[in-house]
Amino acid sequence: MRDGGVLSGSRQMNTQVVQRPWKKAALADRVASHVIRFCAFLAIVALILIFVFIGREALPLLTSQEVHKEADLARLLLPQPASSGGAAGFTWQPVSQTPKYSLLPLFLGTLKVTSIAVLIAIPLAVAAALYTSEFAPPLVREVLKPCIEILAGIPSVVIGFFCLMVVADWLQGVFGWTYRLNAMTAGVGLSLAVIPIVFTVAEDAFTSVPQAFREGSLAMGASAWQTASRVVLPAAVPGVLAACFLGFGRAIGETMIVLMASGNAAIISWLPSDAVRTFSATIAAELGEVVFGSAHYHVLFFLGAFLFVFTFVLNLLGRWWVVQLQKRLQGGS
Amino acid sequence: MSKGTGIGGTFMVSMMALACAVIVAMVAIIIGNILLHGAGGISWEFLSRAPEAGMTRGGIFPAIFGTAALVILMTIAVIPLGVATAVYMHEYAPKRSRMIGLVRLAIQNLAGVPAIVFGLFGYVFFTKFVGAAIDRGLYGGELVYGQPAIVWAALTMALLTLPTVVVATEEALRAIPQSYREAAYALGATRWQMIRRVVLPQATGGILTGGILAVSRGSGEVAPVMFTGAAYFLPELPRRLHDQFMELGYHVYVMTTQSIDVEATKPVLYSTVLVLLMLTFLLNFTAIMIRSRIRRRLRHDR
């Protein structure tokens, strides 16, 4: 059928047959170019939309009279009188006769858990990364790298589950703590989520140090350890910093692990054996039951906006240090 | 170890080796523990039936089905968007242009946004803004799309996994020799023809890697779907775009924290975790295999 059609109209259609596919291709090219440009632009739009929409829900905390009856910045940050008429204090008690929205217990909780996680994860991951790039026999590398990939692939809800079921018992058995779920349990779990990021970025940094640095050092009689600690490590410092910032950003935003393993009590305490409630866990635990548009709702979005801006800045700092590392090593070699 | 560093150096190096061992041990313990307690409960029945008796017995089929539906919808959204973004950065935008820097910055920062923030955004943007607008426009204000639903959860998840797809696709685009593109142009192809007939077929592996990694990430994340569509328990499977759904990760969370009888739930819980873990593990493994093949090709070509 197709052949017949082409044959019958071949004479008159001749010029158009030559012209048309070319025009069509040019048109398709232009359409595709616009569509693709638009899609790429969407990534930027998405980021802006996240900022605008979360900011829009957080803003009434600063501007709305209605919300100010229950919560404003002063009440979020300064001590408030207790409902029983006792001494002024910092309490997070959003569901009560007189709701109290002091952010201090949550801030302290977030700081405590994140610090524990980072203090465990960064030394472990950086040491492992330095070892992998400088000393490790190929066999160790072939075991460790897939392990890191597996660890990075474990869903955080599984890590949270593991902490709640297993790690909590172990830690309680060793230290004899009153509460199974506490800052330490959550911190240990969180470190598992942070290790892959820190390791990957730090290892990238160490391996990008030019081989000439090492050869120079070894030629001057330094040992392998001296080379690693006094040449490779200092040269890769911006990369290690980047790893710390990105790891910290991951830790502060991680939700499921702290939600499941931290005990979720908003207590002011420095002890790692007390239960804590973090910003992210507060949002996850309370947004489901909150009244749409209430003061509590806006406070939760305020926490979300804080997390967004804070991790955004940490990410920018992390990326900036990566660029610094590249500049430094390219300039030096 | 030579010259004067002796004991100190040896000690430090062995400490670093110990750090490696600790990390490997942690991974081994987690997987070992879950395998040990979870493997016994996995059967065809467990995979094909709904939870029973307050989630202490029965299976997890609705959660598996919901997760699959979620990641399929997510993939439909994220692959075209992610691939187009990568193609733009690598094939369209002039090198080192301001636009390319902005897109890259946006992608990198999107990758760093906490999952819970995506959850908040999905809730307020998709359900309360887009969904409510659809309801006003098409359903006369009746509540259909203006509430948590699988389509909103999938779109939220698509945003979360966008960087994964972009990065993997870009890596694949970089592996395609420049001469292929020049050959296509020399034959008179337009840029779009070159991309569609030469670049995209060559980049299939990378796109596949990105897609699989995104699916793996999407099937395990809980925080973004908590408020955008995942449900505690549903008697029926989701059939329409605006239905709620059950998700494996959320199911684990619910059973772990809100179970009436922790000891009775434990065997089912462990088996569910094992299923989730194996699923992400297999997906990641496949993606890593494909990626390492691409990387090998990249090395050969240069």
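Residues numbered from 1 in each chain as written. Chains lettered and ligands numbered in written order. Predicted model: local features only at pLDDT ≥ 70, side-chain atom pairs only at ≥ 80, totals over all residues.

Of the regular secondary structure elements, chain A holds 15 helices and 4 strands. In chain A, which comprises 333 residues, the proportion classed as buried is 48%. Counting contacts in chain A only where the partners sit at least 6 residues apart, residues at least 24 apart contribute 74% of the total. (Helix = DSSP H or I, 4+ residues; strand = E, 2+ residues; numbered from the N terminus. Buried ≥ 20, exposed ≤ 12 C-beta atoms within 10 Å, placed from the backbone. Contact = placed C-beta atoms within 7 Å.)

This part covers the domain arrangement of chain B. Frequently, the measure chosen for interface size is the accessible area that the parts lose on association. Residue and element names in this part refer to chain B. Per the domain assignment, the segments of chain B are domain 1 (1-41) and domain 2 (44-301). Centre-to-centre, using C-alpha coordinates, domain 1 lies 33 Å away from domain 2. In this complex, domain 1 contributes 6 residues to the contact, which on the side of domain 2 involves 8 residues. When the residues that make up the side of domain 1 that touches domain 2 are grouped by side-chain class, the tally is 3 nonpolar, 3 polar and no charged. (Domains from an automatic or database assignment. Nonpolar A, V, L, I, M, F, W, Y, C, P; charged D, E, K, R; others polar.)

This part takes up the interface of chain A and chain B. On the chain B side, the residues contacting the 70 residues of chain A number 68 residues. Per element, the largest residue contribution to the side of chain A that touches chain B is 21 residues, and it comes from helix H2 (residues 10-58) of chain A. When the residues that make up the side of chain A that touches chain B are grouped by side-chain class, the tally is 50 nonpolar, 14 polar and 6 charged.

Glancing now at the packing of helix H8 (residues 156-175) of chain A against helix H10 (residues 248-258) of chain B. The N-to-C vectors of H8 of chain A and H10 of chain B enclose an angle of 20°; their axes lie 9 Å apart at closest approach. As summarised for this structure, H8 of chain A and H10 of chain B are arranged roughly parallel, according to the angle between their axes. Relative to H10 of chain B, the crossing made by H8 of chain A is left-handed. Across the interface between the two elements, Val157, Val158, Phe161 and Leu164 of chain A from H8 of chain A touch Gly249, Val252, Tyr253 and Thr256 of chain B from H10 of chain B. (Axes fitted to C-alpha atoms, helices over the stretch in contact; angles between N-to-C directions. Parallel < 35°, antiparallel > 145°, perpendicular 65-115°, else oblique. Left-handed = near helix turned anticlockwise from the far one by under 90°.)

Time to look at helix H5 (residues 115-138) of chain B. Maximum bend of H5 of chain B: about 30°, positioned at Gly131 of chain B. After H5 of chain B finishes, the residue Gly140 of chain B shows a positive phi value of roughly 60°. (Bend = angle between axes of the 7 residues up to and from the residue.)

Time to look at the domain arrangement of chain A. Residue and element names in this part refer to chain A. Considered domain by domain, chain A is made up of domain 1 (2-58) and domain 2 (92-332). Of note, the centres of domain 1 and domain 2, computed from C-alpha atoms alone, are 44 Å apart. Between domain 1 and domain 2, the residue contacts involve 6 residues of the former and 6 residues of the latter. Class assignment for the residues of the side of domain 1 that touches domain 2 results in 4 nonpolar, 1 polar and 1 charged.

The next thing to look at is helix H3 (residues 61-92) of chain B. All names here are of chain B. Its 32 residues place the ends of H3 45 Å apart at the C-alpha level, agreeing with the 46 Å of an ideal helix rising 1.5 Å per residue. Maximum bend of H3: about 30°, positioned at Val78, with proline Pro80 one to four residues after it. Burial of H3 is extensive: 23 of the 32 residues sit out of reach of the surface. (Expected span 1.5 Å × (residues − 1).)

Next up on the list: the packing of helix H9 (residues 183-207) of chain A against helix H12 (residues 237-253) of chain A. Residue and element names in this part refer to chain A. Between H9 and H12, whose axes approach to 8 Å, the crossing angle comes to 155°. Comparing their axes, H12 and H9 come out roughly antiparallel. Judged by the sense of rotation from one axis to the other, the crossing of H9 with H12 is right-handed. Where H9 approaches H12, its residues Leu190, Ala193, Val194, Ile197, Val198, Val201, Ala202, Asp204 and Ala205 are matched on the opposing element by Gly239, Val240, Ala242, Ala243, Leu246, Gly247, Arg250 and Ala251. Counted by class, the contact of H9 with H12 contains 13 nonpolar, 2 polar and 2 charged residues.

Residue placement: Leu287 of chain A occurs in the loop between helix H14 (279-286) and helix H15 (295-332). The spacing of Leu287 of chain A and Leu300 of chain A is 13 residues in sequence and 7.1 Å in space, taken between C-alpha atoms. Residues in contact with Leu287 of chain A, not counting those within four places in the same chain, are Leu300 of chain A together with Phe227 of chain B.

As a further point, take the nonpolar core. By size, the foremost hydrophobic cluster in this structure holds 205 residues, and its most contacted members are Ala125, Ala128, Cys163, Val198 and Ala202 of chain A. If we skip the residues at most four places from it in the chain, Val198 of chain A touches Ala121, Ile122, Ala125, Val126, Ala243 and Gly247 of chain A. (Core = buried A, V, L, I, M, F, W, Y, C linked by C-beta atoms within 7 Å.)

With respect to the element layout, Phe162 of chain A can be found in helix H8. In this structure Phe162 of chain A comes out as buried when scored by C-beta crowding, with 26 C-beta atoms within 10 Å. Between the alpha carbons of Phe162 of chain A and Gly318 of chain A there is a distance of 30 Å; along the sequence they are 156 residues apart. Ignoring anything within four residues of it in the chain, the contact list for Phe162 of chain A reads Val167 of chain A together with Ile30 and Asn33 of chain B.

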